[in-house]
There are 2 protein chains.
Amino acid sequence: MKIFLDCLPCMLRQVLEGAQMATGDEQLQKTIMDKALKILSSYEAYSNAPELSEVMHNVVKECTGIDDPYGNIKKRDIEEALKLEPIIRSFDKFYASRLMRALKISATGNVMDSAMYKDLDLEAVLKSELEKDFMVCDIDSFEDDIKRAKSILIIGDNAGEVVFDKVLVEYLSRDYEVVYAVRDRPIINDATLEDAYKTGIQDYCRMVSTGCGAPGAVLDSCSSEFLGIFNSSDIVISKGQGNFEALSDSSRRIYFLLKAKCHRIAKSLDVDIDEYVFKKNIF
Amino acid sequence: MKIFLDCLPCMLRQVLEGAQMATGDEQLQKTIMDKALKILSSYEAYSNAPELSEVMHNVVKECTGIDDPYGNIKKRDIEEALKLEPIIRSFDKFYASRLMRALKISATGNVMDSAMYKDLDLEAVLKSELEKDFMVCDIDSFEDDIKRAKSILIIGDNAGEVVFDKVLVEYLSRDYEVVYAVRDRPIINDATLEDAYKTGIQDYCRMVSTGCGAPGAVLDSCSSEFLGIFNSSDIVISKGQGNFEALSDSSRRIYFLLKAKCHRIAKSLDVDIDEYVFKKNIF
């Protein structure tokens, strides 16, 4: 997916957030923003937002020497999500299938990071978010595909979300070989292997790195190991906006599982902002 | 006030908003953003955010040929505010003085534009905002100053807000010569003379342009007529964030009347975000 003009201010804001997390030194924050602005001005050199985002966030790492500016945030997010796990697991809204329930739980994880940033009452937010139905839901096609499937690849997104994905992975692992892929190295609040291991998800699946350090699985930067799994898996589920931006033009069938958190992504998905989506691409 | 790093993404977002209001042509929007990014990258050449903001928004005007991209928004804001006028005028929370009540009404106008953008229930928002007290309130000092005053200058901010300021101006005009100043030319959703006249405020005061087209009265760009009034008025009341950013370093006494709408401005005012302030500068 191309970079929208709306992405530019958003990415600049996010780099400043990263800079402010990494250092309290305002002069250093300024240096980071100056460099980031230069990179942002050449946004047309990048194929998609995650690719550009990685380069901009690398400035934060290079200037501060801090490899994981969101380390504490991710730690907090995972801890909070683990505390919520009993509520997640006791979620008993009626769904046509246990599969649908597990998919909805996983999708709901996609929004918890924003709620945590805003210091909202997490338990209340979680319950209300779980209750919301998918606005677009290609479950019929998915159930068709899964009948013939043996292997499923899930490409993870942010760190706290992994706890929610664990429920889906646990469910799927009863009948399928599940691989769960995460970012290769720290980027914003996305899960790396180190983060994901804290959730216990590895008990139910094989864990891999995408080989890519962008906040979305940009295939050109992924490892051959990951690409092998990506191409050979019977089913691929992509979590979150970053992976959607990186993979929306892929020529293999992918199921995108996410909440539309910004107007542009919502428009691309033909839904309103804040709506949940489980949507296959056209292939 | 210097430009904070936090201002940069915010200003970029606002220019995109202006570009999208002025034209649906995405190629033209892109040209605007490319030029705006170049200007933003030289942010250090500007003394304050309103000055930089004006230059960036001029790109929208130049590229689209549209002199007032927010024209319809301002029209709507003023119409909505005029519809709310009976509610504003019937506001009867107990205050120590009628002056305080009028000041609080005027300050409340400062937030109505954001509420309108978000499509909130305006009447409910208005009532709840009116009820909120000032977090900082230099009313004692103001009442001291006003005893000796004959002339009062109020520097206006956004268009819809003028309807609220009218209540304050009407009250003050009984005992003082009031001048109400607005932007010289269209900039974002700020009031120009043309906008302000639609509210009827001119019945209670002398109207002037600041001579400046920035979204804040940047004194270096103001007309000699305005500077004469600014320097000779016994009391100056500055409305909104833009004027605060432009005038916070001024060496004359100014009373800033606003709601802190962003974290940085809130911090500068020693309050939390979303709090109301009536605060004199140190002089």
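Note: the structure precedes this text.
Residues numbered from 1 in each chain as written. Chains lettered and ligands numbered in written order. Predicted model: local features only at pLDDT ≥ 70, side-chain atom pairs only at ≥ 80, totals over all residues. Heavy atoms only, no water.

**Things to note about the sheet that holds strand β5 (residues 235-239) of chain B**
The strands making up a sheet are joined through hydrogen bonds of the backbone, oriented either antiparallel or parallel.
Residues and elements named next belong to chain B.
Logical step 1: The mixed open sheet is built from 7 strands, whose spatial order is β1-β7-β6-β5-β2-β3-β4. Two strands close off the open sheet at either side, each with one partner strand: β1 (134-137) and β4 (206-209). Between one strand and the next, the sheet's axes are offset by a mean angle of 15°, whatever the strand orientation.
Logical step 2: Sheet analysis places strand β3 (residues 177-182) next to β4, joined by 4 bridges and oriented parallel. Within β4, the position partnered with Y180 by the bridge is M207.
Logical step 3: Its contacts with the sheet put helix α11 (residues 240-247) on β2 (151-155), β5 and β6 (255-259), and the angle it makes with β6 is roughly 140°. (Pairing = 2+ DSSP bridges. Helix = DSSP H or I, 4+ residues; strand = E, 2+ residues; numbered from the N terminus. Axes fitted to C-alpha atoms, helices over the stretch in contact; angles between N-to-C directions. Contact = heavy atoms within 4.5 Å.)

**Focus on helix α4 (residues 71-89) of chain A**
Residues and elements named next belong to chain A.
Logical step 1: End to end, α4 covers 26 Å across 19 residues, agreeing with the expected 27 Å (1.5 Å per residue, within 8%).
Logical step 2: Largest kink in α4: about 40°, centred on K83, with the proline P86 one to four residues after it.
Logical step 3: Of the positions making up α4, those classed as buried are I73, K74, D77, I78, A81, L84, E85, I87 and I88. (Expected span 1.5 Å × (residues − 1). Bend = angle between axes of the 7 residues up to and from the residue. Buried < 20%, exposed > 50% of the residue type's maximum accessible area, 1.4 Å probe, protein only.)

**Observations regarding helix α6 (residues 122-131) of chain A**
Residue and element names in this part refer to chain A.
Logical step 1: Those residues of α6 not exposed but buried are L122, V125, L126, E129 and L130. All buried residues of α6 fall inside an arc of 125° around its axis, so they share one side.
Logical step 2: The N-cap of α6, judged by a side-chain oxygen 3.3 Å from the amide nitrogen of E123 a few residues on, is D121. (Arc of directions from axis to C-beta. Polar contact = N/O pair within 3.5 Å; in protein donor to acceptor, adjacent residues only side chain to side chain.)

**A look at the relation of the copies chain B and chain A**
Logical step 1: Overlay of chain B on chain A (RMSD 0.0 Å): rotation 180°, translation along the axis 0.1 Å. Here the two chains are linked by the operation of a two-fold rotation axis. Residue P9 of chain B of chain B places its C-alpha closer to the rotation axis than any other residue of that unit, at 2.4 Å.
Logical step 2: Taken together, the interface assignments show that 100% of the residues at the interface of chain B recur at the interface of chain A, consistent with an identical surface on both copies. (Least-squares fit on C-alpha atoms with pLDDT ≥ 70 in both.)

**Side note on the environment of Y276 of chain A**
Residues and elements named next belong to chain A.
Logical step 1: Position of Y276 among the secondary structure elements: in strand β7 (residues 276-280).
Logical step 2: For the pair Y276 and N110, spaced 166 residues apart in sequence, the C-alpha to C-alpha distance is 9.4 Å.
Logical step 3: Separated by 2.6 Å, the side chains of Y276 and E129 make a polar contact.

**Some details on the sheet that holds strand β3 (residues 177-182) of chain A**
Residues and elements named next belong to chain A.
Logical step 1: Pairing is mixed across the open sheet formed by 7 strands, whose spatial order is β1-β7-β6-β5-β2-β3-β4. Whereas interior strands pair on both sides, the edge strands pair on one side only; in this sheet they are β1 (134-137) and β4 (206-209). Between one strand axis and the next, the sheet turns through 15° on average, direction left out of account.

**Some words on the interface of chain B and chain A**
Logical step 1: The interface is formed by 20 residues belonging to chain B together with 20 residues belonging to chain A.
Logical step 2: Where chain B abuts chain A, roughly 1700 Å² becomes buried across the two surfaces, and 62% of that area is made up of carbon and sulfur atoms.
Logical step 3: On the chain B side of the contact with chain A, L5, P9 and L37 of chain B bury the most area, a combined 30% of that side's loss.
Logical step 4: At the boundary of chain B and chain A, one finds 6 salt bridges.
Logical step 5: Here E26 of chain A makes a salt bridge to K2 of chain B, at a shortest N to O gap of 3.8 Å.
Logical step 6: Where chain B touches chain A, the interface holds 6 residue pairs in polar contact (both at pLDDT 80 or more). (Buried area = accessible area lost by both parts, 1.4 Å probe. Salt bridge = Lys/Arg side-chain N within 4 Å of Asp/Glu carboxyl O.)

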